[in-house]
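Chain by chain, the residues run as shown.
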Amino acid sequence: GEKVEQHESTLSVREGDSAVINCTYTDTASSYFPWYKQEAGKSLHFVIDIRSNVDRKQSQRLTVLLDKKAKRFSLHITATQPEDSAIYFCAASWGNMGYKLTFGTGTSLLVDP
Amino acid sequence: NSKVIQTPRYLVKGQGQKAKMRCIPEKGHPVVFWYQQNKNNEFKFLINFQNQEVLQQIDMTEKRFSAECPSNSPCSLEIQSSEAGDSALYLCASSRGVSNERLFFGHGTKLSVL
């Protein structure tokens, strides 16, 4: 089955710097790649997603890049703020009728003020 | 604040006991998922529903786990005979559709099997 790997288990940046979190996946059929954020004591919250028909998507300070050849996708956060501190999970899925996400094991991002 | 409501937040059971947890999906969301998140942040998909019908489930779910999403009632996940390895955070999520949609998660039910 599909496997998703997150390469950084922890990442520490200074406020205002950029942060990059990288993920790889194994199933070439994967077509949907969302990112979720989990802050301490809170539920998982959707951050941004990208579908396989594009290789880049931006939403304010967040950009997702998708490299289908390398089976790699990444989350870029610019001008980081302390409120960005959380565990970020990448995920992948495929399927049009009944899909299930396969998650990475999370990257704990700490933004130092 | 999450609009997917999971109860209870914490559940403590002895080995061999039944453990039941509930989920009310976000209003208007016909698709419901259950995931198990262990202490290493590994997620395991358990089952998903569209309205009352099971879409997909894994083998484990077929054997010791049972789940349902009756109309006009909360969805539920029950472990028939809890094992120590079942200790985890059980997450319920809902979405608008069956085709790669954003998931809305509840806070989860943390199960501890002693």
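What counts as what
- Residues numbered from 1 in each chain as written.
- Chains lettered and ligands numbered in written order.
- Predicted model: local features only at pLDDT ≥ 70, side-chain atom pairs only at ≥ 80, totals over all residues.
- Heavy atoms only, no water.
- Helix = DSSP H or I, 4+ residues; strand = E, 2+ residues; numbered from the N terminus.
- Buried < 20%, exposed > 50% of the residue type's maximum accessible area, 1.4 Å probe, protein only.
- Contact = heavy atoms within 4.5 Å.
- Areas by Shrake-Rupley, 256 points an atom, 1.4 Å probe, with all protein chains shown as cover.
- Lys, Arg positive; Asp, Glu negative; His and termini not counted.
- Charge placed at Lys NZ, Arg CZ, Asp CG, Glu CD.
- Salt bridge = Lys/Arg side-chain N within 4 Å of Asp/Glu carboxyl O.
- Disulfide = S-S within 2.5 Å.
- Pairing = 2+ DSSP bridges.
- Axes fitted to C-alpha atoms, helices over the stretch in contact; angles between N-to-C directions.
- Polar contact = N/O pair within 3.5 Å; in protein donor to acceptor, adjacent residues only side chain to side chain.
- Buried area = accessible area lost by both parts, 1.4 Å probe.
- Nonpolar A, V, L, I, M, F, W, Y, C, P; charged D, E, K, R; others polar.
- Phe/Tyr/Trp six-rings, centres within 6.5 Å; stacked < 30°, edge-to-face > 60°.

Student: Before we go on, may I ask you to explain the overall build of chain A in this structure?
Tutor: Helices and strands together make up the secondary structure of chain A, namely zero helices and 11 strands. N-terminal to C-terminal, the α/β element order of chain A is β-β-β-β-β-β-β-β-β-β-β. A buried classification covers 46% of the 113 residues belonging to chain A. In chain A, the proportion of contacts linking residues at least 24 apart, taken out of those at least 6 apart, comes to 53%. Looking at chain A as shown, the accessible area adds up to about 5700 Å², and 48% of this sits on carbon and sulfur atoms. Each charge sign in chain A was given a centre, from 13 positive and 13 negative side chains, and these centres are 6 Å apart.

Student: Please explain the pattern of salt bridges as it appears in this structure.
Tutor: Pairing between side chains of opposite charge can happen when their charged atoms approach one another. All names here are of chain B. What the rule picks out here adds up to five salt bridges over all chains. With a closest N to O distance of 3.4 Å, Arg64 and Glu83 form a salt bridge. Placement of Arg64 in the loop between α1 (59–63) and β7 (65–68) and of Glu83 in the loop between β8 (75–79) and β9 (88–95) is noted, with a sequence separation of 19 residues between them. The shortest N-O distance in the salt bridge between Arg64 and Asp86 comes to 2.8 Å. Placement of Arg64 in the loop between α1 and β7 and of Asp86 in the loop between β8 and β9 is noted, with a sequence separation of 22 residues between them. Connected through salt bridges with shared partners, the residues Arg64, Glu83 and Asp86 form a single ionic network.

Student: Explanation requested: the state of the cysteines in the structure shown.
Tutor: A covalent bond between the sulfur atoms of two cysteines is what we call a disulfide. Residues and elements named next belong to chain A. Under the criterion given, the structure shown has three disulfides over all chains. Across the disulfide, Cys23 is cross-linked to Cys90 (sulfur-sulfur distance 1.9 Å). Sign of the S-S torsion, about -100° for the bond between Cys23 and Cys90, identifies this disulfide as left-handed. Here Cys23, found in strand β3 (residues 19–25), pairs with Cys90, found in strand β9 (residues 86–92); they are 67 residues apart in sequence, far enough to count as distant. On the accessibility criterion, Cys90 (0% relative accessible area) is buried. The connectivity of the disulfides in chain B is 1-4, 2-3, where the numbers refer to bonded cysteines in sequence order.

Student: Before we go on, may I ask you to explain the sheet that holds strand β8 (residues 72–77) of chain A in this structure?
Tutor: Across a sheet, strands are paired by hydrogen bonds formed along the backbone, either parallel or antiparallel in direction. Residues and elements named next belong to chain A. Overall, antiparallel pairing links the five strands, which are arranged β1-β3-β8-β7-β6 in an open sheet. Strand pairing shows two members of the sheet lacking a second neighbour, β1 (4–6) and β6 (56–59), which therefore form its edges. On average, each strand axis in the sheet is inclined to that of its neighbour by 15°, with strand direction left out of account. The pairing of β3 with β8 spans six bridges and is classified as antiparallel. Bridge pairing links Asn22 to Ser74 in β8.

Student: Sorry if this is basic, but what is going on with the environment of Asn38(B) here?
Tutor: Residue and element names in this part refer to chain B. Along the chain, Asn38 turns up in the loop between β4 (31–37) and β5 (43–50). When the C-alpha atoms of Asn38 and Ala88 are compared, they prove to be 4.7 Å apart, with 50 residues separating the residues in sequence. Only 2.6 Å separates the side chain of Asn38 from the side chain of Glu42, close enough to count as a polar contact.

Student: Would you explain the interface of chain B and chain A in this entry?
Tutor: Often, the extent of an interface is quoted as the loss of accessible area on bringing the components together. At the interface, 26 residues of chain B touch 25 residues of chain A. The contact between chain B and chain A buries some 2000 Å² in all, and 54% of this surface belongs to carbon and sulfur atoms. Our count for the chain B to chain A interface comes out at three residue pairs in polar contact (both at pLDDT 80 or more). Residue composition of the side of chain B that touches chain A, grouped by class: 10 nonpolar, 12 polar and four charged.

Student: What exactly am I supposed to notice about the packing of aromatic side chains here?
Tutor: The relation between two aromatic rings is expressed through the spacing of the ring centres and the mutual angle of the planes. All names here are of chain A. Within the structure shown, the criterion is met by 15 aromatic pairs over all chains. With 4.9 Å between their ring centres and 50° between their planes, Phe33 and Phe73 make a pair best called tilted. Residue Phe33 is located in strand β4 (residues 32–38), and its partner Phe73 is located in strand β8; the two are separated by 40 residues in the primary sequence. Relative accessible area serves as the criterion here: at 0%, Phe33 is assigned to the buried category.

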